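# Close look at the chain arrangement
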Amino acid sequence: VLTGGTDTQVALQLDAASTASGDYTLTLQTTAGEVSKSGALVVTRPQPRISSIEPSSIYLNRGSSTITINGTNLANNSVAWLDEVALNTTWQSATRMQAVVPNQINPGIRSLTLRTPDPATPGSFLTSNPAPFTVTTPALTLSPLTLSMLAGSNKTVQISLPFAAPPGGQAFSLASSNSLVASVPGTVTVAEGQQSASFSVQGAGVGTASIGISASGWQNASLPVTVIEPPRALDLTPISAPPVGVLVGA
């Protein structure tokens, strides 16, 4: 009971145990007698809550990744769960923790939650709101995006990755929809630690074709190719001929 009370009002200092939960009756013993009120106090245990994840997505087949979880009411025994898999979790503060996401082999949107053991109910957990976490299939970029070339000529195309190639490099298969129009080598490899590589397209004949680039665990890419005839040379040598018809004048 804090000081400064009157005959109509009194201030109390209340502490809720970590296992407290539910409605409580408040009873005051005064010189005039005892007074109580049922349900005067409602105690709820703070649920963990996720406000953001950094990063909120990772690439497929990139090994384990460390993510940062920001939120509120994070306890030192809170554990992050990705769908139904518990993650190796490190608590940093009541608003920040880190978790290690193991290598992911399937793309899609996962559900990340935090679970804190419920001190009032052994074996139960206080569970946070679910936060979406995306596993993305990586995509390469092409330069140029489309190709126009002369029959009989070669042009170079560069492929770029969103991250450095893994140990051993990253190989991609190349295939032309019409090798009589445009031909390419069977593969191109981005060297280990590099993010780009180039391959050559040969204009074999007039027409259109599409170059497909593919690799396991990557989004397929295609390069439209148009091959045209080279310009024909014109002979502009002066030509003279005997006059025909009737010559008038000098």
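In short, a report on the structure. (Residues numbered from 1 in each chain as written. Predicted model: local features only at pLDDT ≥ 70, side-chain atom pairs only at ≥ 80, totals over all residues. Heavy atoms only, no water.)

## Focus: the environment of Asn-70
The criterion, for reference: By definition, any uninterrupted DSSP run of H or I lasting at least four residues is a helix, any uninterrupted run of E lasting at least two residues is a strand, and each is numbered from the N terminus. Between buried and exposed lies partly exposed: a residue is buried under 20% and exposed over 50% of the maximum accessible area for its type, with that area taken using a 1.4 Å probe on protein chains only. Two N or O atoms count as a polar contact when they lie within 3.5 Å, although within protein this holds only if one can serve as hydrogen donor and the other as acceptor, and sequence-adjacent residues are included solely when both atoms are side-chain atoms.
For Asn-70, the location among the structural elements is in strand S5 (residues 65-72). For Asn-70, a relative accessible area of 14% gives the class buried. Sequence spacing of Asn-70 and Gly-193 is 123 residues, and the spatial spacing of their C-alpha atoms is 32 Å. A polar contact of 3.3 Å, which involves the side chain of Asn-70, links it to the side chain of Glu-54.

## Considering the sheet that holds strand S21 (residues 221-228)
Counted only if it meets this: Pairing between two strands requires that DSSP report at least two bridges joining them. Think of each axis as a best-fit line through the C-alpha atoms, taken over the contacting stretch in the case of a helix, with angles from 0 to 180 degrees between the N-to-C directions.
Reading across the sheet, the five strands line up as S14-S21-S20-S16-S18 and stay open at both edges, with mixed pairing between neighbours. The sheet is open, and its two borders are formed by strand S14 (147-150) and strand S18 (187-190), each paired with just one other strand. Strand-to-strand twist across the sheet, computed as the mean angle between neighbouring axes with direction ignored, equals 25 degrees. Sheet topology note: the strand S20 (residues 207-214)/S21 ladder contains seven bridges and is antiparallel. Each bridged residue has a counterpart across the sheet, and for Ile-211 the counterpart in S21 is Leu-223.

## As for the side chain of Thr-113
Filter applied, for reference: Between two residues, a contact is recorded if the distance between any of their heavy atoms is within 4.5 Å.
Mapping Thr-113 onto the fold places it in strand S10 (residues 108-117). For Thr-113, a relative accessible area of 10% corresponds to the buried category. Residues contacting Thr-113, with those up to four places away along its chain left out, are Ile-50, Val-79, Ala-80, Trp-81, Thr-127, Ser-128, Asn-129 and Pro-130.

## Description of unusual backbone geometry
A negative phi angle is the norm for most residues apart from glycine, just as the trans form is the norm for most peptide bonds. Cis geometry is adopted by the peptide bond preceding Pro-55, which originates at Glu-54 and carries an omega value of -10 degrees. Residue placement: Pro-55 occurs in the loop between strand S3 (49-54) and strand S4 (57-59). The omega torsion of the bond from Ser-143 to Pro-144 falls at 5 degrees, within 30 degrees of zero and hence cis. Note on placement: Pro-144 falls in the loop between strand S13 (141-143) and S14. Not every positive phi belongs to a glycine, and Asn-73 is a case in point at roughly 60 degrees.

## Some details on the sheet that holds strand S17 (residues 182-183)
Judged by pairing direction, the sheet is antiparallel, and its four strands sit side by side in the order S13-S15-S19-S17 without closing on themselves. Here the strands that pair on one side only, and so sit at the sheet edges, are S13 and S17. Sheet topology note: the S17/strand S19 (residues 196-203) ladder contains two bridges and is antiparallel. Within S19, the position partnered with Ser-183 by the bridge is Gln-202.

## Observations regarding the pattern of salt bridges
Filter applied, for reference: A pairing counts as a salt bridge when a side-chain nitrogen of Lys or Arg comes within 4 Å of a carboxyl oxygen of Asp or Glu.
Here the structure, examined in full by the defined rule, presents two salt bridges. Close ionic contact of Asp-83 with Arg-110 constitutes a salt bridge, the shortest N to O distance being 4.0 Å. Of this pair, Asp-83 sits in the loop between strand S6 (79-82) and strand S7 (85-86) while Arg-110 sits in strand S10, placing them 27 residues apart in sequence. The class for Asp-83 is partly exposed, based on a relative accessible area of 35%. Taking relative accessible area as the criterion, Arg-110 reaches 14% and is therefore assigned buried. A salt bridge links Glu-84 to Arg-115; the shortest N-O distance between them is 3.3 Å. Of this pair, Glu-84 sits in the loop between S6 and S7 while Arg-115 sits in strand S10; the two residues are 31 residues apart in sequence, bridging distant segments of the chain. Judged by relative accessible area, which is 60%, Glu-84 ranks as exposed.

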